[in-house]
Amino acid sequence: MANHSERFAALSDPTRREIFERLTKKAMAVGEIAEGLPVSRPAVSQHLKVLKDAGLVTMRTEGTRNVYQIDFRAIASMRDYLDRFWNKALAAFKDAVEKENGS
């Protein structure tokens, strides 16, 4: 299973982020994902492999096509990870405001 660092690293590439964002709308085959991108279909396949290895997308075979979709469990895990920092930031902000107001 991929860790959070691998997932964030996979999304650090602009082309992979674009592919990932396209997949948030619906599941798609490689050819459909590649439409309008400034990279070749083989390059899209390589980017999808990185996203899949990071656990961000899943793939299923439909006939001769590989269809990719977002793995929302991975996204939920990333959000939980980030929420820990957000909760700490909010608590620190609350403490700072209370100190400033003399509470």
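Residues numbered from 1 in each chain as written. Predicted model: local features only at pLDDT ≥ 70, side-chain atom pairs only at ≥ 80, totals over all residues. Heavy atoms only, no water.

(A) Structural view of the side chain of arginine 16. Within the secondary structure, arginine 16 is located in helix α2 (residues 14-23). No salt bridge is formed by the buried arginine 16; its nearest oppositely charged neighbour, aspartate 13, is found at 4.5 Å. Not counting residues up to four positions away in its chain, the partners in contact with arginine 16 are Ala9, Ala10, His47, Val50 and Leu51. (Helix = DSSP H or I, 4+ residues; strand = E, 2+ residues; numbered from the N terminus. Buried < 20%, exposed > 50% of the residue type's maximum accessible area, 1.4 Å probe, protein only. Lys, Arg positive; Asp, Glu negative; His and termini not counted. Salt bridge = Lys/Arg side-chain N within 4 Å of Asp/Glu carboxyl O. Contact = heavy atoms within 4.5 Å.)

(B) Just the packing of aromatic side chains, in detail. If you walk through the whole model with that rule in mind, you get two aromatic pairs. Seen from their ring centres, tyrosine 81 and phenylalanine 85 are 5.2 Å apart, and the 80 degrees between their planes marks the pair as edge-to-face. Placement of the pair is tyrosine 81 and phenylalanine 85 together in helix α5 (residues 72-100), with a separation of four residues, close to one helical turn. Judged by relative accessible area, which is 42%, phenylalanine 85 ranks as partly exposed. Cluster of aromatic residues (ring-pair linked, three or more members): Phe8, Tyr81 and Phe85. (Phe/Tyr/Trp six-rings, centres within 6.5 Å; stacked < 30°, edge-to-face > 60°.)

(C) Molecular detail of the pairing of strand β2 (residues 57-62). Of the pairings in the sheet, the one linking β2 to strand β3 (residues 65-70) comprises six bridges and is antiparallel in character. Among the inter-strand pairings, threonine 61 is bridged to a residue of β3, identified as asparagine 66. In textbook terms, the turn of a hairpin is the stretch between consecutive antiparallel strands, and for β2 and β3 this stretch comprises two residues, one of which, glycine 63, has a positive phi near 65 degrees. (Pairing = 2+ DSSP bridges.)

(D) Looking closely at the packing of α2 against helix α4 (residues 41-53). The contact between α2 and α4 brings their axes to 10 Å, and the two run at 80 degrees. Compared by their axis directions, α2 and α4 come out roughly perpendicular. Along the contact surface, α2 presents Thr15, Arg16, Ile19, Phe20 and Leu23, while α4 presents Val44, His47, Leu48, Val50 and Leu51. (Axes fitted to C-alpha atoms, helices over the stretch in contact; angles between N-to-C directions. Parallel < 35°, antiparallel > 145°, perpendicular 65-115°, else oblique.)

(E) Summary view of the confidence of the model for the protein. On average, residues of the protein score 92 in pLDDT, and 98% of them reach the 70 mark or higher. Within the protein, α5 has the poorest average pLDDT of any element, 86, and strand β1 (residues 28-29) the best, 98. (pLDDT = per-residue confidence, 0-100.)

(F) Layout of the sheet that holds β3. Across the sheet, three strands lie side by side as β1-β3-β2; this open sheet has antiparallel pairing. Where the open sheet ends on each side, the last strands, each with one partner, are β1 and β2. Strands β2 and β3 of the sheet are contacted by α4, whose axis makes an angle of about 120 degrees with β2.

(G) Representation of a nonpolar patch on the surface in the model. The grouping of Phe8, Leu82 and Phe85 at the surface amounts to a nonpolar patch, some 260 Å² of accessible area in total. Its place among the elements puts leucine 82 in helix α5. According to the relative accessible area criterion, leucine 82 is partly exposed, its value standing at 43%. (Patch = residues over 30% accessible without salt bridge, like charges linked within 9 Å, V, L, I, M, F, W, Y side chains within 5 Å. Areas by Shrake-Rupley, 256 points an atom, 1.4 Å probe, with all protein chains shown as cover.)

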